[in-house]
Amino acid sequence: LLTIDLDAIAANCQRLRAEAANAEVAAVVKTNAYGLGVAPVAQRLAAHGATTFFVAHPGEGAQLRAIADPQLAKCRVYVLGGLSGEPAAALLDLNLTPVLATRADVEAWTEAARLAGRALPCALHIDTGMNRLGLPIAEAERLAADPSGLGIELVMSHLACADEPAHPMNEAQAAGFAGVRALFPHARASFANSCGIFLGSRYHYDLVRPGMALYGLNPAPGRPNPMKPALRLDAPILQIRQIDKGESVGYGATYRAGGTITAATIGVGYGDGFPRALSNKGWGHLRGCRVPIIGRISMDLLTLDVTGVSPQPRVGEAIELIGPNITAEEVAAAAGTAGYEILTNLGPRYARRYIGARGVL
Ligand SMILES: *Cc1c(COP(=O)(O)O)cnc(C)c1O
């Protein structure tokens, strides 16, 4: 069972507004709002005053537009992936605004504007050194001189190393982006993701684009997390058994009991997006005790050693896998990945329960 705290997400939005006091806080809700569920998350954020959303693909934009919510319907939705091979009309019909990051998209949107007979709103993504997606600075200079029908309302760039405040890339990209921003005095500017917000006001510009911080991951690595945890993952015990010394648990018999133990099996596995890499490595929490995962994690099930919990746990009792006692970051570190991946892998099989107000405040 996934419990998602919409009040915590709204509080996190508020905390980011305080941190980036002169900027608008947009919400990045790509990948189903990082696995938390785009409809309730976006509705709550819109009710909390968010007016700008970012998704990755036109398909995600279509999903967002399909949510019946008058507040959300008025919001600007930017598509980070631009046209992504879709015809311009597909975005126009859904009132989605592309973030143009390739020469081909610039040309397609310019042509669509010509056909429409009006400047079509768009954002430009300029590459300032990440070398992932984005127009080269020379292309930005060309478009600044001749926007030819593009209604450029936002110019943005993306930081490669915002999670390492001392990394020289941050300064170098900031210098590059200051130059880009100056080319488009009439557009709004956006530079910072969640971690970028915590690099200081020089990084804020007009609009910030947090994702992970809204969902409770730590945007200030190495410092205490300023965000509220927004999610917990618990699963009830399906079966309890005693395992004798020398007996094994799970596929491949990779765990062998060193003595008699009490083992509890729960209905969570890698098929739910819980990392198989945590086999014999991860842990859960039960009544204040840390209970290690034993044996291989299978598709639908995993087993934990609950010997240390007394009195003995009962079938139906919930074991915490992510929550107040285990952060998504800790789970990620043990699995050799990032908190982002733990969240975005939260599978559709989990029942999602939303707490906190959903809509109008
Ligand atoms: C995903 C993404 C964000 C949000 O990043 P977080 O680190 O989750 O805050 C912002 N901008 C762009 C371009 C992105 O791709």
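As a reminder, the structure under discussion sits directly above these lines.
Calculation notes
Residues numbered from 1 in each chain as written. Predicted model: local features only at pLDDT ≥ 70, side-chain atom pairs only at ≥ 80, totals over all residues. Heavy atoms only, no water. Helix = DSSP H or I, 4+ residues; strand = E, 2+ residues; numbered from the N terminus. Polar contact = N/O pair within 3.5 Å; in protein donor to acceptor, adjacent residues only side chain to side chain. Contact = heavy atoms within 4.5 Å. Core = buried A, V, L, I, M, F, W, Y, C linked by side-chain atoms within 4.5 Å. Buried < 20%, exposed > 50% of the residue type's maximum accessible area, 1.4 Å probe, protein only. Near = heavy atom within 4 Å. Areas by Shrake-Rupley, 256 points an atom, 1.4 Å probe, with all protein chains shown as cover. Arc of directions from axis to C-beta. Pairing = 2+ DSSP bridges. Right-handed = clockwise from strand over helix to strand, strands pointing away. Phe/Tyr/Trp six-rings, centres within 6.5 Å; stacked < 30°, edge-to-face > 60°. Salt bridge = Lys/Arg side-chain N within 4 Å of Asp/Glu carboxyl O. Axes fitted to C-alpha atoms, helices over the stretch in contact; angles between N-to-C directions. Parallel < 35°, antiparallel > 145°, perpendicular 65-115°, else oblique. Left-handed = near helix turned anticlockwise from the far one by under 90°. Nonpolar A, V, L, I, M, F, W, Y, C, P; charged D, E, K, R; others polar.

K.L.:
Describe the side chain of N170, naming the residues involved and giving the relevant values.
P.N.:
Its place among the elements puts N170 in helix α9 (residues 168–183). Within the local environment of N170, its side chain forms a polar contact with the backbone oxygen of E164, the two atoms lying 2.9 Å apart. Dropping the residues within four chain positions of it, N170 is found in contact with L159, C161, A162, E164, P165, L199 and Y203.

K.L.:
Give a description of the nonpolar core that names residues and reports values.
P.N.:
Counting residues in each nonpolar core, the largest one holds 114 residues, and the members touching the most others are L36, F53, F54, L64, Y215 and F274. With residues near it in sequence (within four places) discarded, F53 still touches A27, V29, A42, L45, A46, L64, L72, C75, R76, V77 and Y78. Listed in part, the seven residues of the second largest apolar core include I243, V249, A257 and I261.

K.L.:
Talk me through the site of the ligand; I want residue IDs and the actual numbers.
P.N.:
Every one of the 14 residues lining the ligand counts as a neighbour, but K30, Y34, S194, M212 and Y340 are closest to it. The side chain of Y34 places a nitrogen or oxygen atom 2.5 Å from an oxygen atom of the ligand. At 2.5 Å, a side-chain N or O of S194 approaches an oxygen atom of the ligand. Burial of the ligand by the surrounding chains reaches 93%, relative to a free accessible area of 390 Å².

K.L.:
Please provide a residue-by-residue account of helix α8 (residues 137–145), values included.
P.N.:
Taken as a whole, α8 has its buried residues at E139, A140 and L143. The buried residues of α8 occupy an angular sector of 105 degrees when the element is viewed end-on, so they sit on one face. Among the exposed residues of α8, those oriented more than 90 degrees off its buried face are A138 and A145.

K.L.:
How would you summarise the pairing of strand β5 (residues 76–79) if you had to cite specific residues and measurements?
P.N.:
Examined bridge by bridge, strand β4 (residues 52–55) and β5 share four bridges and lie parallel to one another. Residue pairing across strands places F53 opposite V77, the latter belonging to β5. Bridge count for β5 against strand β6 (residues 97–100) is two bridges, and the pairing is parallel. Looking across to β6, one finds that V79 is bridged to P98. In this fold, β5 hands off to helix α6 (residues 88–93), which returns the chain to β6; that crossover is right-handed.

K.L.:
Lay out the packing of aromatic side chains in plain terms, naming residues and giving numbers.
P.N.:
Per the stated rule, a full pass over the model turns up seven aromatic pairs. With 4.7 Å between their ring centres and 10 degrees between their planes, F177 and F191 make a pair best called stacked. Placement of F177 in helix α9 and of F191 in the loop between β9 (188–190) and α10 (194–197) is noted, with a sequence separation of 14 residues between them. The two residues F177 and F191 agree in class, both being buried. Aromatic side chains F191 and Y205 sit 6.1 Å apart centroid to centroid with 85 degrees between the ring planes, which places their arrangement in the edge-to-face category.

K.L.:
Pulling in residues and values, what's your account of the pairing of strand β11 (residues 231–243)?
P.N.:
As judged from the three bridges shared by strand β1 (residues 2–5) and β11, these two strands associate in the antiparallel manner. Along β11, the bridge assignment pairs L2 with L233. As judged from the four bridges shared by β11 and strand β18 (residues 318–322), these two strands associate in the antiparallel manner. Bridging across to β18, A235 finds its partner in I319. Relative to strand β14 (residues 261–266), β11 is paired through six bridges, and the arrangement is antiparallel. The partner of Q242 across the bridge, within β14, is T262.

K.L.:
How would you summarise the side chain of D272 if you had to cite specific residues and measurements?
P.N.:
One can find D272 in the loop between β14 and β15 (283–286). For D272, a relative accessible area of 4% puts it in the buried group. Setting aside anything within four residues of it in sequence, one finds D272 in contact with G267, M299, N345, L346, G347, R349 and Y350.

K.L.:
Go over the pattern of salt bridges with me, naming the residues and quoting the values.
P.N.:
All chains considered together, the criterion is met by 16 salt bridges. The closest approach of N and O atoms between R103 and E107, which form a salt bridge, is 3.6 Å. Of this pair, R103 and E107 both sit in helix α7 (residues 103–116), separated by four residues, roughly a single helical turn. Residue classification places E107 among the partly exposed residues on the basis of a relative accessible area of 47%. The shortest N-O distance in the salt bridge between R114 and E111 comes to 2.9 Å. Here R114 and its partner E111 are both found in helix α7, three residues apart, which amounts to about one turn of the helix. Taken together, the shared-partner salt bridges in this structure form one network comprising R103, E107, E139 and R142.

K.L.:
Tell me about the environment of A328, and please be specific about residues and values.
P.N.:
Position of A328 among the secondary structure elements: in helix α11 (residues 328–335). Residue classification places A328 among the buried residues on the basis of a relative accessible area of 7%. Remark: the alpha-carbon pair of A328 and Y34, spanning 294 residues in sequence, is separated by 12 Å. Those residues in contact with A328, other than ones at most four positions away along the chain, are L217, I322, G339, I342 and L343.

K.L.:
So what's going on with the packing of helix α1 (residues 6–19) against helix α3 (residues 38–47)? Residues and values would help.
P.N.:
Between α1 and α3, the shortest axis-to-axis distance is 10 Å and the interhelical angle comes to 50 degrees. Here α1 lies oblique to α3, going by the angle between them. Relative to α3, the crossing made by α1 is right-handed. For the pair formed by α1 and α3, the contact residues are L6, D7, I9, A10 and C13 on the first element and P40, V41, R44 and L45 on the second. Partitioned by chemical class, the residues of the contact of α1 with α3 number seven nonpolar, no polar and two charged.

Limitation: the analysis is restricted to geometry and does not speak to function.
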